[in-house]
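Architecture and fold: a report
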Amino acid sequence: MIIPSIKAKLESSSHPIAQALHQNTSFRVLAIAFKKGMVLKAHKTHKASKLFVLEGAVNYIENNKTIALKQYEETDIPVEIIHSVEALEDSLCLLTQGD
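Values in this document were obtained by computation on a predicted structure and should not be read as measured data.

This part takes up the pattern of salt bridges. Under the criterion given, the structure shown has 4 salt bridges. Between Glu74 and Lys50 there is a salt bridge whose closest N-O contact spans 2.9 Å. Residue Glu74 is found in strand S7 (residues 74-77), and its partner Lys50 is found in strand S4 (residues 49-55); the two are separated by 24 residues along the sequence. For Lys50, a relative accessible area of 27% translates into the label partly exposed. Across the pair Glu62 and Lys65 runs a salt bridge whose closest N-O atoms are separated by 3.5 Å. Under the relative-accessibility criterion, Glu62 is labelled buried at 9%. Residue classification places Lys65 among the partly exposed positions, given a relative accessible area of 40%. It is possible to trace a salt-bridge network through shared partners that takes in Lys50, Glu74 and Asp76.

About the thresholds
Residues numbered from 1 in each chain as written. Predicted model: local features only at pLDDT ≥ 70, side-chain atom pairs only at ≥ 80, totals over all residues. Heavy atoms only, no water. Salt bridge = Lys/Arg side-chain N within 4 Å of Asp/Glu carboxyl O. Helix = DSSP H or I, 4+ residues; strand = E, 2+ residues; numbered from the N terminus. Buried < 20%, exposed > 50% of the residue type's maximum accessible area, 1.4 Å probe, protein only.

Right under this line is the structure:
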(Lines give C-alpha, C1' and ligand atoms only; values in the text may rest on other atoms or scores of the structure.)
Protein backbone atom coordinates (compact mmCIF):
# COMPACT_ATOMS: atom_id res chain seq x y z
CA MET A 1 0.00 0.00 0.00
CA ILE A 2 1.86 3.04 -1.30
CA ILE A 3 -0.22 5.93 0.07
CA PRO A 4 -0.25 4.71 3.71
CA SER A 5 3.51 4.17 3.39
CA ILE A 6 4.02 7.73 2.11
CA LYS A 7 1.90 9.17 4.94
CA ALA A 8 3.90 7.17 7.51
CA LYS A 9 7.21 8.50 6.10
CA LEU A 10 5.79 12.04 6.16
CA GLU A 11 5.34 11.95 9.96
CA SER A 12 9.10 12.21 10.54
CA SER A 13 10.00 14.22 7.43
CA SER A 14 10.86 17.91 7.05
CA HIS A 15 10.09 17.89 3.32
CA PRO A 16 7.34 16.51 1.03
CA ILE A 17 7.37 12.77 0.33
CA ALA A 18 6.82 11.55 -3.25
CA GLN A 19 6.60 8.03 -4.62
CA ALA A 20 5.61 6.55 -7.96
CA LEU A 21 2.24 4.79 -8.02
CA HIS A 22 2.57 3.65 -11.64
CA GLN A 23 5.02 4.28 -14.45
CA ASN A 24 6.36 3.06 -17.76
CA THR A 25 8.57 4.57 -20.46
CA SER A 26 6.04 7.23 -21.55
CA PHE A 27 4.26 8.29 -18.34
CA ARG A 28 4.26 8.15 -14.55
CA VAL A 29 1.86 8.87 -11.72
CA LEU A 30 3.31 10.11 -8.44
CA ALA A 31 1.69 10.53 -5.04
CA ILE A 32 3.07 13.53 -3.12
CA ALA A 33 2.28 14.07 0.56
CA PHE A 34 2.79 17.37 2.41
CA LYS A 35 2.45 18.63 5.95
CA LYS A 36 0.99 22.12 6.28
CA GLY A 37 3.65 24.69 5.36
CA MET A 38 5.91 22.32 3.42
CA VAL A 39 7.16 23.52 0.03
CA LEU A 40 8.14 21.50 -3.00
CA LYS A 41 10.96 23.83 -4.05
CA ALA A 42 11.15 25.53 -7.44
CA HIS A 43 11.85 23.14 -10.29
CA LYS A 44 10.92 22.38 -13.93
CA THR A 45 9.18 19.41 -15.51
CA HIS A 46 10.33 18.02 -18.83
CA LYS A 47 7.03 16.28 -19.65
CA ALA A 48 3.43 17.48 -19.83
CA SER A 49 2.10 17.27 -16.26
CA LYS A 50 -1.03 17.75 -14.20
CA LEU A 51 -1.31 18.30 -10.43
CA PHE A 52 -4.47 16.95 -8.78
CA VAL A 53 -5.31 17.49 -5.09
CA LEU A 54 -6.77 14.39 -3.42
CA GLU A 55 -6.73 15.77 0.14
CA GLY A 56 -6.06 19.18 1.63
CA ALA A 57 -5.15 22.41 -0.19
CA VAL A 58 -2.02 23.70 -1.91
CA ASN A 59 -0.76 26.76 -3.77
CA TYR A 60 0.74 26.09 -7.19
CA ILE A 61 3.19 28.94 -7.86
CA GLU A 62 4.52 29.77 -11.32
CA ASN A 63 6.27 33.05 -12.21
CA ASN A 64 4.08 35.81 -10.71
CA LYS A 65 0.98 33.62 -10.63
CA THR A 66 -0.42 31.62 -7.69
CA ILE A 67 -3.26 29.13 -8.12
CA ALA A 68 -4.99 27.94 -4.94
CA LEU A 69 -6.12 24.33 -5.31
CA LYS A 70 -8.49 22.58 -2.92
CA GLN A 71 -9.57 18.95 -2.73
CA TYR A 72 -10.45 17.51 -6.16
CA GLU A 73 -9.11 20.55 -8.05
CA GLU A 74 -6.33 20.35 -10.62
CA THR A 75 -4.04 22.39 -12.80
CA ASP A 76 -1.85 21.72 -15.81
CA ILE A 77 1.88 22.30 -15.33
CA PRO A 78 3.63 23.65 -18.43
CA VAL A 79 6.81 21.99 -19.67
CA GLU A 80 10.10 23.76 -18.83
CA ILE A 81 8.47 26.42 -16.60
CA ILE A 82 9.89 26.95 -13.10
CA HIS A 83 7.23 26.31 -10.47
CA SER A 84 6.77 25.28 -6.83
CA VAL A 85 4.01 23.88 -4.63
CA GLU A 86 3.21 25.03 -1.08
CA ALA A 87 0.90 23.13 1.28
CA LEU A 88 -1.78 25.31 2.89
CA GLU A 89 -2.78 22.33 5.05
CA ASP A 90 -1.82 18.67 5.30
CA SER A 91 -2.27 17.50 1.70
CA LEU A 92 -2.02 14.56 -0.67
CA CYS A 93 -1.63 15.20 -4.40
CA LEU A 94 -1.33 13.13 -7.54
CA LEU A 95 1.06 14.25 -10.25
CA THR A 96 0.63 12.75 -13.70
CA GLN A 97 3.42 13.16 -16.24
CA GLY A 98 3.61 12.09 -19.85
CA ASP A 99 1.51 11.70 -22.94
